[in-house]
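Letter by letter, the chains look like this.
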Amino acid sequence: MNLRSMRLGPAFCILALAASLSGPALAETAEIRFFIPGASDEVSQKTLPVFIADFEAKNPDIKVKVEGVGWDEAFQKLSTDFIAGRAADVVYIGTRNVAEFSMMGAIQPIDGLVDAATLGRIPEPLRVAAQFGGKQMAAPMAFSTQALYYRTDLIPTPPKTWDELVATAKAVTEKNPGMYGYATSAAAHVTLVSQFLNFVYQNGGEAFDAAGETRINSPEAAQALQFYVDLFQKDKVVPNPLELNREQHPPLFAQGKIAMMVSGPWGKSIMGLDPDNKTAPYAVAPLPCGKECKGELVSDSLAISAKSEHPEAAGRFVAYLLQPEVHAKWDDQRGLVPLLAEEEQMDTFKTPFWQTFIAMKANGFSQPTPRAWQPFEKILVEAVQSAILGKVTPQEALDTAAEKIRKARIEPRA
């Protein structure tokens, strides 16, 4: 993957104050375990040892051992480890799973373990999303918006509306044999939920209302699903979405098989191509608007196991990773939108590429927080797939999904 070098302004170098990264020495050296999905991938292998070495140098009484599995296995692995009482001290989880792990008694409040100043740097909406029962159960660590990647050599002006998206995709598909104008996904994967909900919210719909009741089968949501289905069945401007998840789109883009896709900043890292490359030159633009201009905001968080034998050391490690200068490197290397306000002022994030993703924050909607994510995801996957296969109408598919959500008692209000 292509990792860009950091260009941090001198005004922010002072933010790495050593005193804020270390606490009182522990009575004896503590070894904590840090679980992070994808620990063996290329980016993690190159960067995690650097972060760990820096933290241990500043905290000589703490040693950190990294462990993890693939992203698709992470939830099941963590659930099993929590139940067996063998979970790592610090765990990297989807913020969508905070409520579920809190109800399990698997994670403990981090208030008091991570200093208030550090937690206060996190934007309030994201911080609140990681709370449960009035307590701060986790600290948001990774945050991202999404944007439209488009081929600048084929598309002079990016589409700004759904109608323009279809028209542009059709034009590219017709003029470039072997290439589709756009791409969507419908394979069983967490990213299907994000892709589909973007359209739902852009059409004025929502997954749950303010009272926590499901609205996934509203007329607005059904219209959004119809549009999603039509891109494949009627307009024929996307490859078979049933065979793809969103993370498989960047390689197709780099290979010249699709001309537009929706992805976060990590799409650039997956492709390993800078925007001005000669193979597939591209730029990013705001997501095309439906009735509204919307895009999902997604975050992952750091939590501390309820059975950690070293909660203080775990809290210090979490606080270290959330220092502005440290976190800026984390975000840049992993292709994530700056989480902390201080990061946005750094030279690294002042490029047109990054500014597009930062601007999408203003029109963002928070990822839904059902009481249990996995069944919610499964229900939506089944609904979208059944509609794409033509087994039922979009309205029928979402009526069934809403009923399953209610019966499973996973609405936020349940």
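Residues numbered from 1 in each chain as written. Predicted model: local features only at pLDDT ≥ 70, side-chain atom pairs only at ≥ 80, totals over all residues. Heavy atoms only, no water.

## Quick notes on the state of the cysteines
Enumeration according to the criterion identifies one disulfide in this entry. Here cysteine 289 is linked by a disulfide to cysteine 293, with a sulfur-sulfur distance of 2.0 Å. Negative torsions about the S-S bond denote left-handed disulfides, and the value of about 105 degrees found for cysteine 289 with cysteine 293 makes this one right-handed. When its relative accessible area of 15% is taken as the criterion, cysteine 289 is described as buried. Residue cysteine 293 is classed as partly exposed on the basis of its relative accessible area of 39%. (Disulfide = S-S within 2.5 Å. Buried < 20%, exposed > 50% of the residue type's maximum accessible area, 1.4 Å probe, protein only.)

## Digging into the nonpolar core
By size, the foremost hydrophobic cluster in this structure holds 60 residues, and its most contacted members are Phe34, Tyr149, Phe317 and Trp330. If one sorts the elements of this core by residue count, helix H12 (residues 311-321) sits on top with seven residues. Excluding its chain neighbours within four sequence positions, the residues that come into contact with phenylalanine 34 are Leu48, Val64, Lys65, Val66, Glu67, Ala88, Val90, Tyr92, Leu302, Phe317 and Leu321. Counting residues in each nonpolar core, the second largest holds 54 residues, with Val200, Leu225, Leu231 and Ala372 among its members. (Core = buried A, V, L, I, M, F, W, Y, C linked by side-chain atoms within 4.5 Å. Helix = DSSP H or I, 4+ residues; strand = E, 2+ residues; numbered from the N terminus. Contact = heavy atoms within 4.5 Å.)

## A look at the pattern of salt bridges
One pass over the structure, following the stated rule, counts 18 salt bridges. Between glutamate 342 and arginine 121 there is a salt bridge, and its shortest N-O distance comes to 3.6 Å. Of this pair, glutamate 342 sits in helix H14 (residues 341-344) while arginine 121 sits in the loop between helix H5 (116-120) and helix H6 (124-129), and the two are 221 residues apart along the sequence. A relative accessible area of 22% places glutamate 342 in the partly exposed class. Through salt bridges with shared partners, a single network forms among Asp61, Glu312 and Arg316. (Salt bridge = Lys/Arg side-chain N within 4 Å of Asp/Glu carboxyl O.)

## So, the sheet that holds strand S8 (residues 147-151)
Read from one edge to the other, the open sheet built from three strands follows the order S9-S8-S10, with strand pairing classed as antiparallel. The open sheet terminates on both sides in strands that have one partner only, identified here as strand S9 (260-263) and strand S10 (282-285). Within the sheet, the average angular offset between the axes of one strand and its neighbour, ignoring direction, is 30 degrees. Relative to S9, S8 runs antiparallel, the two sharing four bridges. The partner of tyrosine 149 across the bridge, within S9, is methionine 261. Across the sheet, helix H15 (residues 352-359) lies against S8, S9 and S10, angled at about 25 degrees from S10, the strand it touches most. (Pairing = 2+ DSSP bridges. Axes fitted to C-alpha atoms, helices over the stretch in contact; angles between N-to-C directions.)

## Quick notes on the packing of aromatic side chains
Evaluated as defined, the whole model comprises 22 aromatic pairs. Between tyrosine 149 and tyrosine 282 the ring centres are 5.6 Å apart and the planes differ by 40 degrees, which places this aromatic pair in the tilted class. Here the residue tyrosine 149 occupies a position in strand S8, and tyrosine 282 occupies one in strand S10, the gap between them amounting to 133 residues. Looking at tyrosine 149, the relative accessible area reads 0%, which means it is buried. (Phe/Tyr/Trp six-rings, centres within 6.5 Å; stacked < 30°, edge-to-face > 60°.)

## Concerning the pairing of strand S11 (residues 295-305)
The element S11 is largely enclosed, with a buried count of eleven among its eleven residues. Examined bridge by bridge, strand S3 (residues 90-94) and S11 share five bridges and lie antiparallel to one another. Paired with tyrosine 92 across the bridge in S11 is leucine 302. Taken together, the two bridges between strand S4 (residues 107-108) and S11 define a ladder with antiparallel strand orientation. Note on S11: the bridge partner recorded for glutamine 108 is isoleucine 304. Relative to S11, strand S7 (residues 139-144) runs antiparallel, the two being bridged by five bridges. When the sheet's bridge partners are listed, alanine 142 is paired in S11 with aspartate 300. Judged from the three bridges that link them, S11 and strand S12 (residues 364-366) form a sheet pairing that is parallel. Among the inter-strand pairings, leucine 297 is bridged to a residue of S12, identified as serine 366.

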